[in-house]
Amino acid sequence: MIVGLFFGSFNPIHQGHLIIAEQVLSIGKLDEVWFVVSPQNPLKDKKSLLGEYDRLHMVQEAIWSNEKFKACSIEFNLPKPSYTIDTLAHLGEKYPQHQFSLIMGSDSYLSLPKWKNFHSIINNYKIIVYPRSTSDSTKIENNSNTVVCQVPLLNVSASYIRYCIQEGISIRYLVPDNIKELIEASHWYR
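The notes below deal with the structure included here. (Residues numbered from 1 in each chain as written. Predicted model: local features only at pLDDT ≥ 70, side-chain atom pairs only at ≥ 80, totals over all residues. Heavy atoms only, no water.)

1. Description of the pattern of salt bridges
Part 1 of the argument: The tally for this structure, following the rule as stated, stands at 4 salt bridges.
Part 2 of the argument: With a closest N to O distance of 3.9 Å, K70 and E32 form a salt bridge. Of this pair, K70 sits in strand β3 (residues 69-72) while E32 sits in strand β2 (residues 32-37), placing them 38 residues apart in sequence.
Part 3 of the argument: A relative accessible area of 33% means that K70 is categorised as partly exposed. (Salt bridge = Lys/Arg side-chain N within 4 Å of Asp/Glu carboxyl O. Helix = DSSP H or I, 4+ residues; strand = E, 2+ residues; numbered from the N terminus. Buried < 20%, exposed > 50% of the residue type's maximum accessible area, 1.4 Å probe, protein only.)

2. Some words on the sheet that holds strand β1 (residues 2-8)
Part 1 of the argument: Taken in spatial order, the 6 strands line up as β3-β2-β1-β4-β5-β6 in an open sheet, and their pairing is parallel. Two strands in the sheet have a free side with no partner beyond their single neighbour: β3 and β6 (146-148). Each adjacent strand pair in this sheet contributes to an overall mean axis angle of 25°, direction not counted.
Part 2 of the argument: Bridge count between β2 and β3: 4 bridges; the pairing is parallel. Residue V33 lies in a different strand from β3, and its bridge partner there is F69.
Part 3 of the argument: The strands touched by helix α1 (residues 15-27) are β1, β2, β3, β4 (99-105) and β5 (126-130); relative to β2, the strand with the most contacts, the crossing angle is about 145°. (Pairing = 2+ DSSP bridges. Axes fitted to C-alpha atoms, helices over the stretch in contact; angles between N-to-C directions. Contact = heavy atoms within 4.5 Å.)

3. Section: the packing of aromatic side chains
Part 1 of the argument: This structure, assessed with the given rule, holds 9 aromatic pairs.
Part 2 of the argument: Judged by centre distance (5.7 Å) and plane angle (85°), the ring pair of F6 and F10 falls under edge-to-face.
Part 3 of the argument: Under the relative-accessibility criterion, F10 is labelled buried at 2%.
Part 4 of the argument: The structure contains a cluster of three or more aromatic residues connected by ring pairs, namely F6, F10, F35, F69 and Y130. (Phe/Tyr/Trp six-rings, centres within 6.5 Å; stacked < 30°, edge-to-face > 60°.)

4. Concerning a nonpolar patch on the surface
Part 1 of the argument: Taken together, Y160, Y163 and I169 make up a surface patch of nonpolar side chains, about 290 Å² in accessible area.
Part 2 of the argument: Among the structural elements, I169 can be located in the loop between α6 (158-167) and α7 (177-186). (Patch = residues over 30% accessible without salt bridge, like charges linked within 9 Å, V, L, I, M, F, W, Y side chains within 5 Å. Areas by Shrake-Rupley, 256 points an atom, 1.4 Å probe, with all protein chains shown as cover.)

In structure tokens, the structure reads:
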């Protein structure tokens, strides 16, 4: 099985994540997309980060109706901060029957030289890159391991959604309805 790994904080998961995952699923010729909830991204500030199990629960709720989407908590039991190369090694040991590809925005791809053992990632895994408005995807070359997918360019971010919640601005249509209800009922991001 070919599995696309969509790493992220998902703080919160939003429609942009879901649209990208669905598009990349078919464009990238993947069998499944696993949403790998990162407990702590070593390159991001964690002060506004909701608890990892709350974010995992949101992902599960957001994807429950798509049988090709899976929520993955593999990094919860790995040393923190999480490094992608370590997660990939662990997944390879746990699921040797699967072939793993990475799904990432062009901004993340362009920052790969800052990642632990990035050469090993680039040389050993297929990387499916989607454009982000914050970076120039023309700098990314298609090669045997890197494919640039043309998906809708959505300017939706989790930080903007958190801002809206704090300011009392509607997040309707930015997140799935059930996630909006969960966030409101739990008083998250206030």
